[in-house]
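Below are the chains, spelled out letter by letter.
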Amino acid sequence: MVVSNSPTSQSTPASLPPSVFTLPQTAQLEALFTIIRDKETSRGDFLFYSDRIIRLLVEEGLNHLPVIPKTVTTPTGATYEGVGFEGKICGVSILRAGEAMEAGLREVCRSVRIGKILIQRDEETAQAKLFYAKLPQDIAQRYVLLLDPMLATGGSAIKAVEVLKEHGVPEDRIIFINLIASPEGLKNFCGKYPLTRVITGWIDQCLNEKAYIIPGLGDFGERRYCV
Ligand code: URA
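Residues numbered from 1 in each chain as written. Predicted model: local features only at pLDDT ≥ 70, side-chain atom pairs only at ≥ 80, totals over all residues. Heavy atoms only, no water.

- Per an unreviewed UniProt entry, the recorded name for the protein chain is uracil phosphoribosyltransferase, and the organism is Lentinus brumalis.
- Regarding the protein chain, the UniProt comment filed under Pathway (unreviewed entry) reads as follows: "Pyrimidine metabolism; UMP biosynthesis via salvage pathway; UMP from uracil: step 1/1."
- A UniProt comment under Cofactor (unreviewed entry) is attached to the protein chain, and it reads "Mg(2+)". (UniProt positions renumbered as here; feature names shortened; annotations may be inferred.)

Put into structure tokens, the structure is as follows:
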């Protein structure tokens with residue numbers, strides 16, 4: 001029997017797909033986002049505050065994993081009827097920006113396996129193209145936390161889920177975690193994979209003509225990795 005979990009995240013308004021969940025839109029979260037959106041924020045602060053949001057997102061992602069009943073004996077000799085996670089998990093980061101979320105996952109899941117997928121735009125076809133994938137060999141038996149900080153057009157994430165499905169991971173065992181999502185990206189992604197949950201920190205207004213999220217925070221990878 002699977003005990004239903006009770007995520008703290010908010011399901012999104014009726015205009016958005018039911019598989020989309022945002023972090024609770026608290027003043028604290030908005031303050032964290034305000035810092036990382038600010039173009040004057042130093043790289044050190046960007047790292048620190050984006051890591052805080054990533055930690056919240058990973059914890060929230062774990063809230064969406066099913067649990068089963070588990071009984072333990074406490075040091076008092078009493079029996080405690082609790083729960084344990086139903087299955088094994090792994091992370092898969094979409095390179096390069098997704099790598100920034102790996103440490104946040106490792107902080108809360110000790111010795112978690114992490115795979116990597118490199119997807120880039122094919123200049124000839126303008127389609128997302130897979131360049132490299134290194135995934136845990138038993139990934140088909142795991143729940144997958146897919147990591148990419150910015151859901152812009154959704155092209156890379158859609159390709160990444162296609163790769164995971166080719167490796168035997170069912171769509172509903174994938175939880176896609178990102179910091180900021182565009183409405184366009186959510187529509188594309190959820191239209192293609194309605195069973196994959198999307199956990200996002202914030203849903204922004206739109207994409208600009210260069211496919212940057214507006215207001216967004218600019219290029220996440222640049223801000224994270226370049227001085
Ligand atoms: N990737 C980024 O880093 N930023 C965006 O706004 C969109 C995609």
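**Brief notes about unusual backbone geometry**
It is generally the case that most residues other than glycine have a negative phi and that most peptide bonds are trans.
Here comes step 1: Looking along the chain, the bond that leaves L95 and enters R96 is cis, with omega of 0°.
Here comes step 2: As for its placement among the helices and strands, R96 is situated in the loop between strand 5 (88-95) and helix 3 (102-108).
Here comes step 3: Each neighbour pair has its own omega, and for I214 with P215 the value is 0°, a cis peptide bond.
Here comes step 4: Summarising the element assignment, P215 is placed in the loop between strand 13 (213-214) and helix 6 (220-225).
Here comes step 5: Of note in this structure, S111 is not a glycine but carries a positive phi near 50°. (Helix = DSSP H or I, 4+ residues; strand = E, 2+ residues; numbered from the N terminus.)

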